[in-house]
Amino acid sequence: VADELFTVRCFQGFVAVQCALSSNAVFSLKDAWNQTNVLKRKHHTKFKEIKVIMSASHNFENFRRLQREAHPPLVPYFGIFCKDLIAMQEGMTKRNQDGMINWSKLWRISELIKEHLSYQAMPYNR
């Protein structure tokens, strides 16, 4: 399922499958994860690939790169968008040192929102 979601560039669903597979309820089934007769080797390999893609190191660098390089139409992962939006909102001041409005902050927030909305501009036909 995760492979098909990745192929159609549905990153929101891709992350949902990865989170489900990494959840305590599923991951604690050690017999299923450790025995090749229960879970095929190709599925073990695919899960390891997904873990590399979704690695949180360097602010999800691998996943961000894949999502950035994918061509529309696609369904982006909303969590990274929210994380970036909150970081801009909280990390940058509303006003510059001279008391003027921080237009740079507003411009960056606008660009982030435009980028996210641009994924909706093209119809999703497969």
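Residues numbered from 1 in each chain as written. Predicted model: local features only at pLDDT ≥ 70, side-chain atom pairs only at ≥ 80, totals over all residues. Heavy atoms only, no water.

Asker: What is the right way to look at the packing of helix 2 (residues 11–22) against helix 6 (residues 57–69) in this model?
Answerer: Angle between the axes and distance between the axes are the two parameters that describe a pair of packed helices. Taken N-terminus to C-terminus, the directions of helix 2 and helix 6 make an angle of 155°; their axes are 12 Å apart at the nearest point. Relative to helix 6, the element helix 2 is oriented roughly antiparallel. The two elements helix 2 and helix 6 meet at a crossing, and its hand is right-handed. From helix 2, F11, F14 and V15 reach across to helix 6, where they touch F63, L66 and Q67. Here the residues of the contact of helix 2 with helix 6 are counted per class, giving 5 nonpolar, 1 polar and no charged. (Axes fitted to C-alpha atoms, helices over the stretch in contact; angles between N-to-C directions. Helix = DSSP H or I, 4+ residues; strand = E, 2+ residues; numbered from the N terminus. Parallel < 35°, antiparallel > 145°, perpendicular 65-115°, else oblique. Left-handed = near helix turned anticlockwise from the far one by under 90°. Contact = heavy atoms within 4.5 Å. Nonpolar A, V, L, I, M, F, W, Y, C, P; charged D, E, K, R; others polar.)

Asker: How should I be thinking about the nonpolar core in this particular structure?
Answerer: Nonpolar side chains tend to gather and get buried jointly when the protein is soluble and globular. With 12 residues, the main nonpolar core is built from A2, F11, F14, V15, I50, I53, M54, F63, A70, L74, I80 and Y119. Going through the elements one at a time, helix 2 and helix 5 (41–53) are the ones with two or more residues in this core. Broken down by element, the residue count for this core peaks at 3 residues, all from helix 2. Contacts of I50, omitting those with residues within four sequence positions, involve A2, F14 and Q18. (Core = buried A, V, L, I, M, F, W, Y, C linked by side-chain atoms within 4.5 Å. Buried < 20%, exposed > 50% of the residue type's maximum accessible area, 1.4 Å probe, protein only.)

Asker: Which parts of the structure should I look at to understand the packing of helix 2 against helix 5?
Answerer: Where helix 2 meets helix 5, the axes come as close as 11 Å, and the angle between the chain directions of the two elements is 115°. If you check the angle between helix 2 and helix 5, you find them roughly perpendicular. The crossing of helix 2 and helix 5 is left-handed. Contact residues: helix 2 offers F14, Q18, L21 and S22, while helix 5 offers F47, I50 and I53. When its residues are assigned to classes, the contact of helix 2 with helix 5 shows 5 nonpolar, 2 polar and no charged.

Asker: Can you walk me through the packing of aromatic side chains in this structure?
Answerer: Between two aromatic rings, the relevant description is the distance of the centres plus the angle of the planes. This model, assessed by the stated rule, comprises 5 aromatic pairs. Ring plane angle 90° and centroid distance 5.7 Å describe the contact between F11 and F63, whose orientation is recorded as edge-to-face. Taken together, the positions of F11 in helix 2 and F63 in helix 6 put the pair 52 residues apart, joining distant regions of the chain. We note that F11, like F63, is buried. Here the aromatic rings of F63 and Y77 are separated by 6.0 Å at their centres, their planes lie at 80°, and the arrangement is edge-to-face. Placement of the pair is F63 in helix 6 and Y77 in the loop between helix 6 and helix 7 (78–91), with a sequence separation of 14 residues. (Phe/Tyr/Trp six-rings, centres within 6.5 Å; stacked < 30°, edge-to-face > 60°.)

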